[in-house]
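Structural description and commentary
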Protein chains: 2
Amino acid sequence: MIISTKGRYALRILTELARRGDCVPLKELAGEQDVPFKYAEAIVSNLVKAGFVESARGKNGGYKLTRAPEEYTLAEVLRETETSLAATDCTGRKEAECPRAATCPTLPVWKALDKTVYEFLSGYTLVDLMPKN
Amino acid sequence: MIISTKGRYALRILTELARRGDCVPLKELAGEQDVPFKYAEAIVSNLVKAGFVESARGKNGGYKLTRAPEEYTLAEVLRETETSLAATDCTGRKEAECPRAATCPTLPVWKALDKTVYEFLSGYTLVDLMPKN
DNA sequence: GTATTTCCTACTTATTTTGTAGGTATTATA
DNA sequence: TATAATACCTACAAAATAAGTAGGAAATAC
C-alpha cells in the first residue's frame, strides 16, 4: 500500500479547510470528515510543520490553509504525510541498505515506477478533491 | 508499499528460471537468489497455481517456466504474488466496505492511479530483469 | 529402499499502521 | 481574573500485515 489512511485523512482535512476558508477548530474538521480526533491531531501537526496550514491557539483558534487550494498537489501533500511514497523498500526506507543495489537489474524499474507515480500525483490538486455541488 | 519482498522474490526466482532454462530444484533457486528456502516454497507454490511454472516431484525434480521469459509481464506476476497491487485500501482490500465510495471525490483518482501503475508494469517482462552479461 | 525433491498445514516473529491517554501551554471573552 | 476552548506534546497500546519457520507427508529417479 503506497497511500495509507494517514495521507488520505490529511487530504480530507485539507479539502475541508479549502471548502470552509476561514479558521476551523480541529474538533469540527475531524468530526466533519470522520477522522478520529486524536489521530487527526498528529496528522495536522505534520501539516503545520510542513507549512501547509497555520494554526491559532486558544479560544476561537483552529487551522487554515496558507495557500490557495489549487496550489496543493497531491504529490506534495502525500510526500509529507506518508511514511514513504516509494513503491518498494528498494527505493524507500531501505534504499541505502541493499547490497544488490549496484548491480540489481530491477532497481531501475522501481525508480521509473516511483517517478511515474509522482508525476501522476503532481497532476492533481486539492481542487480536484472538492465536492462539486 | 505496493510491492513487497514476496513479489520481488517471485520475480527473482522466475528470472533465475529464465536464465537457467531447464528444470531447477528450489534449493538451488533459493540459494542463488538469497531467498529463505521455506519462504521460497510458499512463493513458488503460488507460481505453480498461477500456471507460471510447472513442477516435477521427486529426485531430479524442480521447477521450470511454462512460457518464454518475454511472455511474463511484471503486472501479471505481481498481481498473482502480491496481496494487493492497489495503491490504497479504497481500491484494494476494503473496496467494498467504504460507505463513502458512492460519492467520494478522491476515489476516481485512486482508480486512475492503479491503472497508471498497472500499465507501467505491463510494459516490462522478465527479459528486462535479466542481467545483461 | 533410499535420497531427493515437491507439497501441505500450521505456527511464530517482526514491523508497520492506526489509534489512545493524559496532560501542558495559549488565548478570547465574560 | 477566572473559565472555557483550543492547539501542542510525549508516551503508550492495539490491530493488522508482512516475513519467515517447523515438521512432516507424498512422489519419483536411481
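Everything below is about the structure printed above this text.
Figured I'd write up the structure that's included with this text.

So, how was this worked out
- Residues numbered from 1 in each chain as written.
- Chains lettered and ligands numbered in written order.
- Predicted model: local features only at pLDDT ≥ 70, side-chain atom pairs only at ≥ 80, totals over all residues.
- Near = placed C-beta within 6 Å.
- Nonpolar A, V, L, I, M, F, W, Y, C, P; charged D, E, K, R; others polar.
- Contact = placed C-beta atoms within 7 Å.
- Helix = DSSP H or I, 4+ residues; strand = E, 2+ residues; numbered from the N terminus.
- Buried ≥ 20, exposed ≤ 12 C-beta atoms within 10 Å, placed from the backbone.
- Arc of directions from axis to C-beta.
- Least-squares fit on C-alpha atoms with pLDDT ≥ 70 in both.

**Overview of the protein's contact with DNA strand C**
Among the 26 residues in the neighbourhood of DNA strand C, the closest are listed as A:Ser4, A:Pro36, A:Gly58, B:Leu26 and B:Ser55. Taken together, the residues that form the surface near DNA strand C break down as seven nonpolar, ten polar and nine charged.

**Concerning the interface of chain A and chain B**
Opposite the 20 residues of chain A that make contact, chain B presents 20 residues. Mapped by element, the contributors of at least two residues to the side of chain A that touches chain B are α1 (5-20) and α5 (107-121) of chain A. The element that contributes the greatest number of residues to the side of chain A that touches chain B is α5(A), accounting for five residues. Residue classes in the side of chain A that touches chain B are distributed as 14 nonpolar, three polar and three charged.

**Regarding helix α4 (residues 74-81) of chain A**
Residue and element names in this part refer to chain A. For α4, every residue scored as buried is listed here: Leu 74, Val 77, Leu 78 and Thr 81. Down the axis of α4, the buried side of the element spans an arc of 90°, and every buried residue falls inside it. Tucked into the core, α4 has its buried residues touching α1, α3 (37-49) and α5.

**Digging into the relation of the copies chain A and chain B**
One copy of the chain maps onto the second through a rotation around an axis plus a translation along that axis. After a rotation of 180° and a shift along the axis of 0.0 Å, chain A superposes on chain B with an RMSD of 0.0 Å. As the rotation angle and translation indicate, the two copies are arranged about a two-fold axis. Scanning chain A for the C-alpha nearest the rotation axis identifies A:Met1, at a separation of 2.2 Å. By residue overlap, the copies meet face to face through one surface: 100% of the interface positions of chain A are interface positions in chain B.

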